[in-house]
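Analysis of the macromolecular model
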Amino acid sequence: MTNEQTVEKPKPLKRGMLDNVLEQFNSAADKIDLNPNVRKILSITNTEIIIHFPVRMDNGEVEVFTGYRVQHNNALGPYKGGLRYHPTVDIDAARALAMWMTWKTSLAGLPYGGAKGGIQIDPSIYSKGELERITRRFTYALGENIGPEHDIPAPDVNTNDQTMAWIADTYMSTKSTSERSKNQHVVTGKPVGSGGLEGRDRATGYGVYLTIKFWSEKNNETLKGKKFIVQGFGNVGYWAAHFLENEGALLVGVQDAFGSVQNQKGITVEDLFNYGKANNGSIVGFPEASAMEGKDFFALDCDICIPAALGNQITKDNARSIKASLIAEGANGPTDVEGEKILIERGITIIPDIMCNSGGVIGSYFEWLQNRNGELWQMDEILEKLEKKLRTTFKKVTAYSEENNIDMRTAAFSIAIARIEKAYILRGIFP
Ligand SMILES: NC(=O)C1=CN([C@@H]2O[C@H](COP(=O)(O)OP(=O)(O)OC[C@H]3O[C@@H](n4cnc5c(N)ncnc54)[C@H](OP(=O)(O)O)[C@@H]3O)[C@@H](O)[C@H]2O)C=CC1
Ligand SMILES: O=C(O)CCC(=O)C(=O)O
């Protein structure tokens, strides 16, 4: 008798965001023949912080949370990037998102490097008081790993101006009285009444809209009457939809974490926003639209598709069914490498995340400067400056893409990486 054992077959490894960002990086690095030493440095993160910290809950019990901050690279300036509160936050997600920040800040010509972090948590199950204590404890535990001239967090998924105000307050309270106000720019995305920038709330979505507008102008098209869908109706998705609607485009489908709705005759952005506010943040049941299966969402009939939620949403499983001719990546890493290959084969244009959603970090830079210089900027001048900066980047990326006959993502990565390479070489470290 043989002693048979059931051998479990190894499960296929699921491609993660880190695989994607590294593949995107390597593909651009090959194209520009990146200095091999710089390639080694940029392939890995500089610092990775994992913190387990205890917080007392409303019921008196103590829960231990896990927070992350990954600092990828700071060759061009202090680390910069958001904090995400979501169950999917882990070390690999933080690494990938930190790398995207490095390319994003470099591409935008900002004096920053890249970082990202957050807490592995479903914030919807905690009270506001608990979230405040969690945020303050996390900030305290991060200590001098963040700082206004060292690493400057900002909002991301499930964090907002209130979260940033708690972080700023906690961080500043660790300084001597005379030093406190000098440290306000330890975070950006703060409330306007507390060191925040007019317009930072809409900066990312405004930037998404602008890059779509620039693309239409370049192709002698107008946005009027163009149909668009948005995955994620939070900060980025809502504001992008708001500005597109103002320009005459028609929102025909929205998906959030709870469900998906569609109406080919159009969904009024403000009505959906108000419905969501009154409905615990969910769009489900919105009376001016019909519910639909989430799996069919990206196959909706439309001209423009805006993924503005999480990473890895457009993959080989749904890329063939996409009807839009333009994908504007509001989210970070929404299209995986396999999905992207299919989209490119099909002639679908992608405005890559590191350009498309860079309005947020550009707005953050303005806030940081405002705080640093003791100034107060007005909304009009801020949006104007933002547009100017994004237009410059857009022109550079499209020109590079055309000259080298490559897609916009590879062009954007190439420009971003070359700027960092130049900084290293100018310092004389790697001749
Ligand atoms: N905030 C910023 O300034 C910037 C953000 N980004 C990126 O934009 C994206 C969105 O961020 P932001 O708008 O700030 O985050 P928010 O938390 O404000 O909104 C996130 C939205 O995504 C939805 N969502 C979450 N999970 C899913 C899912 N599985 N399927 C469909 N929808 C889902 C949420 O739905 P629900 O409300 O139901 O949970 C919510 O509508 C992220 O990728 C972020 O990294 C990029 C640059 C800057
Ligand atoms: O505003 C910032 O500093 C960064 C925002 C962010 O996290 C992002 O661009 O992905």
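Residues numbered from 1 in each chain as written. Chains lettered and ligands numbered in written order. Predicted model: local features only at pLDDT ≥ 70, side-chain atom pairs only at ≥ 80, totals over all residues.

**Focus: the UniProt feature "active site" (unreviewed entry) in the protein**
Listed under "active site" (unreviewed entry) in the UniProt record, and renumbered for this structure, are Lys116. Looking at where Lys116 falls in the secondary structure, it is placed in strand 4 (residues 114-119). Discounting residues that sit within four places of it in the chain, Lys116 has contacts with Val70, Gly81, Gly82, Ala94, Leu97, Ala98 and Met101. (UniProt positions renumbered as here; feature names shortened; annotations may be inferred. Helix = DSSP H or I, 4+ residues; strand = E, 2+ residues; numbered from the N terminus. Contact = placed C-beta atoms within 7 Å.)

**Side note on the pairing of strand 10 (residues 304-307)**
Side-chain positions along a regular strand alternate between the two faces of the sheet. The side-chain alternation of strand 10 yields two buried faces, one formed by Ile304 and Ile306 and the other by Cys305 and Pro307. Where strand 6 (residues 227-231) lies against strand 10, 4 bridges are found, and the strand directions are parallel. Its bridge partner being in strand 10, Ile229 is matched across the sheet by Cys305. Of the pairings in the sheet, the one linking strand 10 to strand 11 (residues 326-328) comprises 2 bridges and is parallel in character. Among the inter-strand pairings, Cys305 is bridged to a residue of strand 11, identified as Ile327. (Buried ≥ 20, exposed ≤ 12 C-beta atoms within 10 Å, placed from the backbone. Pairing = 2+ DSSP bridges.)

**Some thoughts on the environment of Gly81**
Looking at the element boundaries, Gly81 is found in strand 3 (residues 79-85). On the basis of neighbour count, Gly81 is assigned to the buried category, with 33 C-beta atoms found within 10 Å. Through-space distance from the C-alpha of Gly81 to that of Ala108 is 14 Å; in sequence the pair is 27 residues apart. Those residues in contact with Gly81, other than ones at most four positions away along the chain, are Leu97, Ala98, Met101, Gly114, Ala115, Lys116 and Ala154.

**A look at the pairing of strand 1 (residues 47-56)**
In terms of strand pairing, strand 1 meets strand 2 (residues 62-73) through 10 bridges, oriented antiparallel. By the bridge assignment for strand 2, His52 is matched with Thr66. Hairpin connection between strand 1 and strand 2: a loop of 5 residues separates the two successive antiparallel strands, and Gly60 in this loop has a positive phi of roughly 95°.

**Points about the site of ligand 1**
Taken together, 26 residues surround ligand 1, and among them Gly232, Gly234, Ala257, Ala331 and Gly360 come closest. Counting residues per element, the shell around ligand 1 draws most heavily on helix 7 (residues 235-246), which supplies 3 residues. Taken together, the residues that form the shell around ligand 1 break down as 10 nonpolar, 14 polar and 2 charged. Taken domain by domain, the shell around ligand 1 gets at least three of its residues from each of domain 1 (45-192) and domain 2 (197-431). (Near = placed C-beta within 6 Å. Nonpolar A, V, L, I, M, F, W, Y, C, P; charged D, E, K, R; others polar. Domains from an automatic or database assignment.)

**Regarding the site of ligand 2**
Looking at ligand 2, there are 13 residues lining it, with Gly82, Ala154, Gly360, Val361 and Ser364 nearest. Broken down by secondary-structure element, the contributors of at least two residues to the shell around ligand 2 are strand 3 and helix 11 (359-373). Its residues assigned to classes, the shell around ligand 2 shows 2 nonpolar, 8 polar and 3 charged. Taken domain by domain, the shell around ligand 2 gets at least three of its residues from each of domain 1 (45-192) and domain 2 (197-431).

**With respect to the nonpolar core**
With 120 residues, the main nonpolar core has Ile212, Phe228, Val230, Ala240, Ile306 and Ala412 as its most contacted residues. Ranked by the residues each element gives to this core, the list is headed by helix 3 (residues 91-107), at 10 residues. When neighbours within four sequence positions are excluded, Ala240 is seen to be in contact with Gly205, Val208, Tyr209, Val230, Ile306, Ala308 and Gly330. (Core = buried A, V, L, I, M, F, W, Y, C linked by C-beta atoms within 7 Å.)

**A word on the domain arrangement of the protein**
Looking at the protein, the domain boundaries give domain 1 (45-192) and domain 2 (197-431). Computed from C-alpha atoms alone, the centre-to-centre distance between domain 1 and domain 2 is 23 Å. If you look at the interface, domain 1 gives 23 residues, while domain 2 gives 29 residues. Elements with a minimum of two residues in the side of domain 1 that touches domain 2: helix 3 and strand 5 (151-155). The element contributing the most residues to the side of domain 1 that touches domain 2 is helix 3, with 8 residues. Tallied by class, residues from the side of domain 1 that touches domain 2 come to 12 nonpolar, 8 polar and 3 charged.

**A look at the environment of Glu144**
With respect to the helices, strands and loops of the structure, Glu144 is situated in the loop between helix 4 (128-142) and strand 5. The sequence separation of Glu144 and Tyr171 amounts to 27 residues, and the corresponding C-alpha distance is 8.9 Å.

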